[in-house]
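Below, each chain spelled out in residue letters.
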Amino acid sequence: MTGRQKKRAWIFTGAVCTMLGMGAFIGQVYAQSLEEPVLTTSEEALPDVLEAEDTKEFVTEYTDGEEKTEDTEENLPEDWNLILVNKTHPIPEDYQVELKSIGSGHQIDARAYDDFKAMIQASKRDGVTIYVSSSYRDMNKQITLYEKKTDSYLQQGYSLEDALSKAGQVVAVPGTSEHHLGLAIDVVSSEYRKLDEKQENTKGFQWMKEHSWEYGFILRYPNGSTDITGIIYEPWHFRYVGLEAAKEIYERDITLEEYLGARPVSEGEAVTYDYKPEKKQKQKHEAPVTNEESVPEEAPAINETLMPEETQAAGEGL
């Protein structure tokens with residue numbers, strides 16, 4: 001090989017080595033660029049990734065344009081025996097009920113009659129006499145009771161707002177009384193016939209508290225549950241809810257609101273009643289004067305068939 005050929009061979013070899021070196025460098029740079037995305041998913045960056053995923057799930061869950069909060073809707077049952085009526089849940093406008101007489105002017109929902117009759121007969125077998133002092137009431141009767149109680153507080157010097165509020169603690173605002181359902185009864189015992197807390201000391205109440213659930217009835221307004229039910233303790237007010245519901249409510253020692261999963265009355269918006277006593281007073285003054293003696297109110301009637309004695313229970317309850 002001549003000197004010129006050797007020189008060319010060295011030049012060619014140098015060029016090849018240079019190209020190989022540049023290729024290796026380019027390959028290394030390219031490999032590093034491929035590894036960078038992998039570094040963003042390291043353990044150090046994982047919290048940010050999880051946070052982004054959580055946000056995505058949240059957005060997917062609430063895409064209806066309305067912020068979702070707990071208990072935004074009550075899925076209350078529509079069963080006739082479980083209709084919820086209280087200060088925040090008025091009686092349905094289209095509500096209708098078939099009534100059946102239990103004697104002396106009292107009526108209840110015909111579907112609850114057999115259980116009611118069985119309950120009264122069972123109490124008699126146990127030597128306990130229970131009287132019904134109030135049962136079904138129509139709307140006009142409830143309005144009369146509520147306005148009368150409001151007037152009594154107005155006469156004591158309360159403002160109209162306070163009088164309406166206090167009246168609502170002892171007489172349900174029209175449209176919010178269970179008595180209009182035909183499923184509620186106020187009961188008193190033979191040895192004490194007034195509708196007050198002393199009723200809890202009677203044999204009748206003790207029997208009802210222990211056995212009424214066996215016939216589908218519950219103590220509707222237990223002691224200490226006013227924030228939930230909106231009503232003061234009433235040891236005389238019992239409500240028909242059916243055998244299955246009554247058993248669970250009794251065993252769990254809860255209210256109807258809690259059994260149905262309804263919000264406590266204290267957390268809801270109460271139904272109001274537009275009462276204008278000044279209009280009532282004007283109508284009273286304009287009424288014609290007569291010489292007829294006023295007719296006293298009749299005492300609460302009692303079931304003559306199942307409960308023959310006459311009660312002297314005071315008041316009408318809720």
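A few points on the structure. Throughout, residues of each chain are indexed from 1 in the direction in which the sequence is written. Given that the model is predicted, a residue must reach a pLDDT of at least 70 before its local features are reported, and side-chain atom pairs must reach 80 or more before they are shown or counted; all residues, however, enter totals for whole chains, interfaces and linings. Side-chain metrics in this entry use all non-hydrogen atoms of the structure; hydrogen atoms and water are not considered.

### Observations regarding the overall build of the protein chain
A helix here means a DSSP run of H or I that spans at least four residues, while a strand means a run of E at least two residues long, and both kinds are numbered starting from the N terminus. The helix and strand inventory of the protein chain stands at 10 helices and 6 strands. The cut-offs for exposure are 20% and 50% of the maximum accessible area for each residue type, with area from a 1.4 Å probe on protein chains only; residues under the lower value are buried, those over the upper are exposed, and the others partly exposed. Across the 318 residues that make up the protein chain, the buried fraction comes to 37%. With an accessible surface of roughly 20400 Å², the protein chain has 50% of that area assigned to carbon and sulfur atoms. Calculation of accessible area relied on Shrake-Rupley with a 1.4 Å probe; when residues are assessed, cover is drawn exclusively from the protein chains displayed.

### Some remarks on the pattern of salt bridges
Salt bridges are defined by distance alone: a side-chain nitrogen of Lys or Arg within 4 Å of a carboxyl oxygen of Asp or Glu. What the rule picks out here adds up to 8 salt bridges. A salt bridge links Arg 111 to Asp 109; the nearest nitrogen and oxygen atoms lie 2.9 Å apart. Its relative accessible area of 44% is what places Arg 111 among the partly exposed residues. A salt bridge links Glu 251 to Lys 247, with the shortest nitrogen-to-oxygen separation between them at 2.7 Å. Remark: Lys 247 and Glu 251 occur in helix 8 (residues 243-252); sequence separation between them is 4 residues, near one turn of the helix.

### Side note on helix 4 (residues 139-155)
Here, expected helix span is obtained from the residue count minus one, scaled by 1.5 Å. With 17 residues, helix 4 ought to run about 24 Å at 1.5 Å a step, and its terminal C-alpha atoms sit 24 Å apart, in line with that. Of all the residues in helix 4, the buried ones are Gln 142, Leu 145, Tyr 146, Glu 147, Thr 150, Asp 151 and Tyr 153. Measuring from the side-chain oxygen of the N-cap residue of helix 4 to the backbone nitrogen of Asn 140 gives 3.3 Å; that N-cap residue is Asp 138. Immediately downstream of helix 4, the backbone of Gly 157 shows phi near 100°, a positive value. Polar contact is defined as a pair of N or O atoms within 3.5 Å, subject to the rule that within protein one atom must be able to donate a hydrogen and the other to accept it, and that residues adjacent in sequence are counted only when both atoms are side-chain atoms.

### A short note on the side chain of Ser 177
With respect to the secondary-structure elements, Ser 177 resides in the loop between helix 5 (160-170) and strand 4 (184-189). Taking relative accessible area as the criterion, Ser 177 reaches 2% and is therefore assigned buried. Separated by 3.4 Å, the side chains of Ser 177 and Gln 142 make a polar contact. Once you skip the residues sitting within four places of it in the chain, Ser 177 turns out to touch Val 85, Ile 91, Arg 137, Gln 142, Ala 172 and Leu 318. Note on definitions: a residue-residue contact is assigned when non-hydrogen atoms from the two residues lie within 4.5 Å.

### Side note on the environment of Gly 182
Secondary-structure assignment places Gly 182 in the loop between helix 5 and strand 4. Relative accessible area serves as the criterion here: at 1%, Gly 182 is assigned to the buried category. Each C-alpha atom of the pair Gly 182 and Lys 100 lies 9.2 Å from the other, and the pair is 82 residues apart in sequence. Beyond its immediate chain neighbours, meaning those up to four positions away, Gly 182 contacts Leu 99, Ile 108, Asp 109 and Tyr 136.

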